[in-house]
Amino acid sequence: MPALPLSSIDKVTFYKRDEVATDLICCEVVTGKRLWNFHEEMPGWGELIAHLGGLRGFRSDWFAEVLQPPFALRETVAFERSVGAG
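Procedures and definitions
- Residues numbered from 1 in each chain as written.
- Predicted model: local features only at pLDDT ≥ 70, side-chain atom pairs only at ≥ 80, totals over all residues.
- Heavy atoms only, no water.
- Helix = DSSP H or I, 4+ residues; strand = E, 2+ residues; numbered from the N terminus.
- Rg over C-alpha atoms; globule rule 2.2 N^0.38 Å.
- Buried < 20%, exposed > 50% of the residue type's maximum accessible area, 1.4 Å probe, protein only.
- Contact = heavy atoms within 4.5 Å.
- Areas by Shrake-Rupley, 256 points an atom, 1.4 Å probe, with all protein chains shown as cover.
- Lys, Arg positive; Asp, Glu negative; His and termini not counted.
- Charge placed at Lys NZ, Arg CZ, Asp CG, Glu CD.
- Polar contact = N/O pair within 3.5 Å; in protein donor to acceptor, adjacent residues only side chain to side chain.
- Disulfide = S-S within 2.5 Å.

Each helix and strand in the protein chain was counted, giving 2 helices and 4 strands. Counting helices and strands in the order they occur from the N terminus, the protein chain gives β-β-β-α-α-β. Over its C-alpha trace the protein chain gives a radius of gyration of 13 Å, about what one expects of a compact globule, namely 12 Å for 86 residues. A principal-axis box enclosing the C-alpha atoms of the protein chain has dimensions of 40 × 25 × 20 Å. Counting the 86 residues in the protein chain, one finds 33% classified as buried. Partitioning the intrachain contacts of the protein chain with sequence separation of at least 6 by distance along the chain shows that 50% fall at a separation of at least 24. As displayed, the protein chain offers around 5400 Å² of accessible surface, 54% of which is attributable to carbon and sulfur atoms. For the protein chain, the centre of its 9 positive side-chain charges and the centre of its 12 negative side-chain charges are spaced 8 Å apart.

Following this line, the structure appears as structure tokens:
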């Protein structure tokens, strides 16, 4: 799992990917210089989610928003840094 200082994170988006029999919950993290993609089956997923939860204004309801309905594309922005915010 890469080091992602909270201060470098500009945006966090969660979405589902249809895997035929199941949905895969994914997370896209944007920093000033990079785009990181993660999914729930990766080692360290729980630690990543706990870490992202430390972002001021992070939406703790992201999972419920992304989960339903099954097999439907659901994208939820859980965090977006305001311009000029640190």
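Next comes the rest of the account.
Right, let's get into the side chain of Thr 13. Structurally, the position occupied by Thr 13 is in strand E1 (residues 9-18). Dropping the residues within four chain positions of it, Thr 13 is found in contact with Cys 26, Cys 27, Glu 28, Glu 75, Thr 76 and Val 77.

Here we take up the side chain of Arg 81. Counting through the fold element by element, Arg 81 comes out in the segment after strand E4 (75-80). Judged by relative accessible area, which is 19%, Arg 81 ranks as buried. Among the polar contacts listed, one links the side chain of Arg 81 to the backbone oxygen of Leu 6, at a separation of 2.8 Å. For Arg 81, the side chain forms a polar contact with the main-chain oxygen of Ile 9, separated by 2.7 Å.

The next point concerns the state of the cysteines. Disulfides are covalent bonds that link the sulfur atoms of two cysteine residues. This model, assessed by the stated rule, comprises 0 disulfides. Left unpaired, Cys 27 is separated from the closest cysteine sulfur, that of Cys 26, by 8.8 Å. Judged by its relative accessible area of 0%, Cys 27 falls in the buried class.

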